[in-house]
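# Reading the structure
Residue-level listing of the chains:
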Amino acid sequence: MDNNREFLMRRLHSLLGIIPIGLFLTQHLIVNHFATQGVESFNTASHFMANLPFVIFLEIFVIYLPLMYHAFYGLYIAFTSKNNPGHYSYLRNMLFVAQRYTGVFLVVFIAWHVFETRFQVAIGADEADFNMMANILDNPFMLAFYIVGVLAAVFHFANGIWSFLVTWGITQSEAAQKNATYFTLLVFIVLSIIGMRALFAFV
């Protein structure tokens, strides 16, 4: 692949991971967190999101197409890239490897999640409501799968923020990258708490 083309594709891959995919993940977890306030609260929030103006356009062009590009190009990177350059710390290299593994896992998890929710609505289910998620998570294996999936998604996003800041030249100094590590750790903790509280509200 031409170096300039690959450079641009990696930049686009990095950008889409934060905007819009990372923002959508955050919004999705927050909407799901309404489940902690009860069935009616979640159903109202879910119904509102499902009935936004131009929702099909938003889903295709703001969620699915960016997600597909990020996923498939991410798989290409995961299976063709060499290990992270040695000038990064051991921890950062471990996080780099974890980013690859979570990315591959998330392709499977997200496809399954979409199949169990949006696809079911498309073929006749009334709506992706509280009862739909409660029925899915009633299976302990699916609950475990979703716990791993949510934590993997949050880690991939949080660690992706760090990579994005470096890739786009925002954090160039060692001190800036260290501060970014603390910030992304905070993002991981906060979103993980929101995600886990939401999941267990359905159980």
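Residues numbered from 1 in each chain as written. Predicted model: local features only at pLDDT ≥ 70, side-chain atom pairs only at ≥ 80, totals over all residues. Heavy atoms only, no water.

A few words on the overall build of the chain. A tally of helices and strands in the chain yields 8 helices and 0 strands. Ordered by position in the sequence, the α and β elements of the chain form the string α-α-α-α-α-α-α-α. Taking 2.2 N^0.38 as the reference for a compact globule, 203 residues should give roughly 17 Å; the C-alpha atoms of the chain span a radius of gyration of 18 Å, in line with that estimate. When the backbone C-alpha atoms are referred to their principal axes, the chain occupies close to 50 × 30 × 30 Å. (Helix = DSSP H or I, 4+ residues; strand = E, 2+ residues; numbered from the N terminus. Rg over C-alpha atoms; globule rule 2.2 N^0.38 Å.)

A surface patch of nonpolar side chains, amounting to about 1,000 Å² of accessible area, comprises Phe54, Ile56, Phe57, Leu58, Ile60, Phe61, Val62, Leu65, Met68 and Phe72. Note on phenylalanine 57: relative accessible area 49%, which makes it partly exposed. (Patch = residues over 30% accessible without salt bridge, like charges linked within 9 Å, V, L, I, M, F, W, Y side chains within 5 Å. Areas by Shrake-Rupley, 256 points an atom, 1.4 Å probe, with all protein chains shown as cover. Salt bridge = Lys/Arg side-chain N within 4 Å of Asp/Glu carboxyl O. Buried < 20%, exposed > 50% of the residue type's maximum accessible area, 1.4 Å probe, protein only.)

It is worth spelling out the packing of aromatic side chains at this point. On inspection of all chains with the given rule, the structure shows 14 aromatic pairs. Ring plane angle 70° and centroid distance 6.3 Å describe the contact between phenylalanine 42 and phenylalanine 130, whose orientation is recorded as edge-to-face. With phenylalanine 42 in helix H3 (residues 39-50) and phenylalanine 130 in helix H6 (residues 130-137), this residue pair connects regions lying 88 residues apart in the sequence. Like phenylalanine 130, phenylalanine 42 is buried. Here tryptophan 112 and phenylalanine 115 contribute two aromatic rings whose centre-to-centre distance is 5.4 Å and whose plane-to-plane angle is 35°, an arrangement assigned as tilted. Of this pair, tryptophan 112 and phenylalanine 115 are both found in helix H5 (residues 90-122), 3 residues apart, which corresponds to roughly one turn of the helix. On the basis of relative accessibility, which here comes to 36%, the residue tryptophan 112 falls in the partly exposed class. Taken together, the aromatic side chains of Phe105, Phe109, Phe145 and Tyr146 make up a single cluster linked through ring pairs. Here the basic side chain of arginine 11 rests over the ring of tryptophan 168, its NZ or CZ set 4.8 Å away from the ring centre. One Lys or Arg, arginine 92, reaches over the ring of tryptophan 162 and ends 3.7 Å from the middle of that ring. (Phe/Tyr/Trp six-rings, centres within 6.5 Å; stacked < 30°, edge-to-face > 60°. Lys NZ or Arg CZ within 6 Å of the ring centre and 35° of its normal.)

Let's shift gears to the environment of phenylalanine 188. Here phenylalanine 188 is to be found in helix H8 (residues 174-201). Here the alpha-carbon distance between phenylalanine 188 and alanine 35, two residues 153 residues apart in the chain, equals 20 Å. For phenylalanine 188, the residues in contact, after removing those within four places along its chain, are Leu151, Val154, Phe155 and Ala158. (Contact = heavy atoms within 4.5 Å.)

With 6 of 8 residues buried, H6 lies mostly within the body of the structure. Residues of H6 that are buried: Phe130, Met132, Met133, Ala134, Ile136 and Leu137. Tucked into the core, H6 has its buried residues touching H3, H5, helix H7 (140-167) and H8.

It is worth spelling out helix H4 (residues 55-80) at this point. Compared with an ideal rise of 1.5 Å per residue, which puts 26 residues at 38 Å, H4 spans 36 Å between its outermost C-alpha atoms and is within 8% of the ideal. At tyrosine 64, H4 shows its strongest bend, of approximately 30°, with the proline proline 66 following within four residues. For H4, the set of buried residues is Val55, Glu59, Ile63, Pro66, His70, Tyr73, Gly74, Ile77 and Ala78. In this structure, the buried side of H4 is in contact with helix H1 (3-18), helix H2 (21-33), H3, H5 and H7. (Expected span 1.5 Å × (residues − 1). Bend = angle between axes of the 7 residues up to and from the residue.)

So, about the pattern of salt bridges. Scanning the model with the defined rule gives 2 salt bridges in all. The partner of arginine 118 in a salt bridge is glutamate 59, and the shortest N-O contact between them spans 3.0 Å. Taken together, the positions of arginine 118 in helix H5 and glutamate 59 in helix H4 put the pair 59 residues apart, joining distant regions of the chain. Note on arginine 118: relative accessible area 28%, which makes it partly exposed. On the basis of relative accessibility, which here comes to 14%, the residue glutamate 59 falls in the buried class.

Mapped onto the elements, glycine 17 comes out in helix H1. You can call glycine 17 buried: its relative accessible area is 13%. Along the primary structure glycine 17 and glutamine 172 are separated by 155 residues, whereas in three dimensions their C-alpha atoms are 20 Å apart. Setting aside residues up to four positions removed in sequence, glycine 17 forms contacts with Gly22, His70 and Phe157.

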